[in-house]
Amino acid sequence: MREREAKPRGLRLKRKLGLLLLLCVLLGAVFLGGAAYGGREKPPVISSDLLGEQLRSVQELVSVEYHYTNMGKFENQVDFYGWKVPFTTKSFLVSYDGFIKAGVDLSTAQAAVSGDTVTVTLPAAKILSHEIPEDSIEVFDESHNIFNPIKIEDYTGFTKTEKQSVEQKAIEKGLLVSADEKARAAVEALLTVLPGMDGYTLTVRAEP
């Protein structure tokens, strides 16, 4: 009689242990699944406002830096109603280094989303800054004319004129074209890594 009663109790114990183990497994699965779901952030909705915010956060995008060394000559003579007064010529030679930064102002960039296509239109590249460090300026062959002395305005005016000349030459050599191309590539790289952008076709173009 004892052997017959022991067998059902053993079976009931095994069943209870099996049910308990199964319950633990299910609870563990639910916990892990919930943690995984809760920890997974939803990607932001791609919109023109979101893209515009990303672009404005960069402000001015410097895409090209142009470094140069130049030498120029300043010469001036007193002019009296169209007549050049003799012995009043003043002149100097200047050597200097400079660097120009060109790029685009992303605060005016436009972004449009249509279906699964994103189009970003950038403004034309422009020169953002042009600096000539003072410690790079060297003056040579400076004349000393008592009738027409050299003034500080001569240096500042000459530097301004030289900047305009160098900028024009740099533009003619393709400075802004290169800045446009590199700005488009930089913006494309910036927006491609945004969460959710993998489902869109991105086109970055320059303003017509």
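Residues numbered from 1 in each chain as written. Predicted model: local features only at pLDDT ≥ 70, side-chain atom pairs only at ≥ 80, totals over all residues. Heavy atoms only, no water.

J.: Would you mind showing me how to read the environment of Gly-72 here?
T.: Checked against the element boundaries, Gly-72 lands in strand S1 (residues 60–76). Looking at Gly-72, the relative accessible area reads 8%, which means it is buried. Spatially, the C-alpha atoms of Gly-72 and Ser-95 are 6.6 Å apart, while their sequence positions differ by 23 residues. Apart from residues lying up to four places away in sequence, Gly-72 is in contact with Phe-92, Leu-93, Val-94, Phe-158 and Glu-162. (Helix = DSSP H or I, 4+ residues; strand = E, 2+ residues; numbered from the N terminus. Buried < 20%, exposed > 50% of the residue type's maximum accessible area, 1.4 Å probe, protein only. Contact = heavy atoms within 4.5 Å.)

J.: Just to check I follow, could you spell out the nonpolar core for this structure?
T.: In a soluble, globular protein the nonpolar side chains are often hidden away together inside. Ranked by internal contacts, the top residues of the largest apolar core, which has 34 residues, are Leu-106, Val-120, Leu-122, Val-187 and Leu-191. Contributing elements (two or more residues each) for this core: helix H2 (48–56), S1, strand S4 (90–105), strand S6 (117–122), helix H3 (152–172), helix H4 (175–192) and strand S9 (201–206). When residues no more than four places from it in sequence are discounted, the contact partners of Leu-106 are Leu-55, Arg-56, Val-58, Gln-59, Leu-61, Leu-122 and Val-187. (Core = buried A, V, L, I, M, F, W, Y, C linked by side-chain atoms within 4.5 Å.)

J.: What should I look at first to understand H2 in this one?
T.: Within H2, the full set of buried residues consists of Leu-50, Leu-51, Gly-52 and Leu-55. For H2, the elements touching its buried residues are strand S5 (110–114), S6 and H4.

J.: Is there a simple way to explain the confidence of the model for the protein in this structure?
T.: Reading predicted coordinates in detail is not appropriate for stretches of low pLDDT. Confidence in the prediction for the protein averages 77 pLDDT; 71% of positions are at 70 or higher. For the protein, per-element mean pLDDT is lowest for helix H1 (residues 2–39), which scores 46, and highest for strand S7 (residues 126–131), which scores 94. A low-confidence stretch, residues 1–8 stays under pLDDT 50, and its non-local contacts, those more than four residues away or across chains, total zero contacts. Within the model, the stretch residues 11–17 combines pLDDT values under 50 with zero contacts to residues more than four positions away or in other chains. (pLDDT = per-residue confidence, 0-100.)

J.: What's the story with the sheet that holds S9 in this structure? I'm lost.
T.: Two pairing modes exist for strands in a sheet, parallel and antiparallel, and in both the strands are linked by backbone hydrogen bonds. Across the sheet, which stays open at both edges, the three strands sit in the order S5-S6-S9 with mixed pairing between neighbours. With one partner strand each, in any of the chains shown, S5 and S9 form the two edges of the open sheet. Strand after strand, the sheet turns through a mean of 15 degrees between neighbouring axes, direction not considered. Both S6 and S9 contribute to a ladder of six bridges, which runs parallel. (Pairing = 2+ DSSP bridges. Axes fitted to C-alpha atoms, helices over the stretch in contact; angles between N-to-C directions.)

J.: Any chance you could explain the environment of Thr-159 here in plain terms?
T.: By secondary structure assignment, the location of Thr-159 is in helix H3. A C-alpha to C-alpha distance of 9.3 Å links Thr-159 and Gly-72, two positions 87 residues apart in sequence.

J.: Would you mind going over the side chain of Ser-63 with me for this structure?
T.: With respect to the helices and strands, the residue Ser-63 is situated in strand S1. Setting aside residues up to four positions removed in sequence, Ser-63 forms contacts with Ala-102, Gly-103, Ala-179, Lys-182 and Ala-183.

J.: Could you clarify how one ought to interpret H4 in this entry?
T.: An α-helical turn contains 3.6 residues, so any two residues separated by three or four positions project in the same direction. Over its 18 residues, H4 extends 26 Å from the first C-alpha to the last, a length consistent with the 26 Å expected when each residue adds 1.5 Å. Taken residue by residue, H4 has Leu-175, Leu-176, Ala-179, Asp-180, Ala-183, Val-187 and Leu-191 as its buried positions. Mapping the buried residues of H4 onto a view down its axis gives an arc of 130 degrees, with all of them on the same face. (Expected span 1.5 Å × (residues − 1). Arc of directions from axis to C-beta.)

J.: Would you explain the packing of H2 against H4 in this entry?
T.: Put simply, H2 and H4 touch, their axes get as near as 11 Å, and they point 125 degrees apart. Considered as vectors, H2 and H4 are oriented oblique to each other. Read as a crossing pair, H2 and H4 show a hand that is right-handed. Facing H2, whose interface residues are Leu-51, Gln-54 and Leu-55, H4 presents Val-187, Leu-190 and Leu-191. (Parallel < 35°, antiparallel > 145°, perpendicular 65-115°, else oblique. Left-handed = near helix turned anticlockwise from the far one by under 90°.)

J.: When you look at a negative patch on the surface in this model, what are you seeing that I'm missing?
T.: On the surface, a cluster of negative charge is contributed by Asp-97, Glu-134, Asp-135 and Glu-138. Looking at the element boundaries, Glu-134 is found in the loop between S7 and strand S8 (138–140). (Patch = residues over 30% accessible without salt bridge, like charges linked within 9 Å, V, L, I, M, F, W, Y side chains within 5 Å. Areas by Shrake-Rupley, 256 points an atom, 1.4 Å probe, with all protein chains shown as cover. Salt bridge = Lys/Arg side-chain N within 4 Å of Asp/Glu carboxyl O. Lys, Arg positive; Asp, Glu negative; His and termini not counted. Charge placed at Lys NZ, Arg CZ, Asp CG, Glu CD.)

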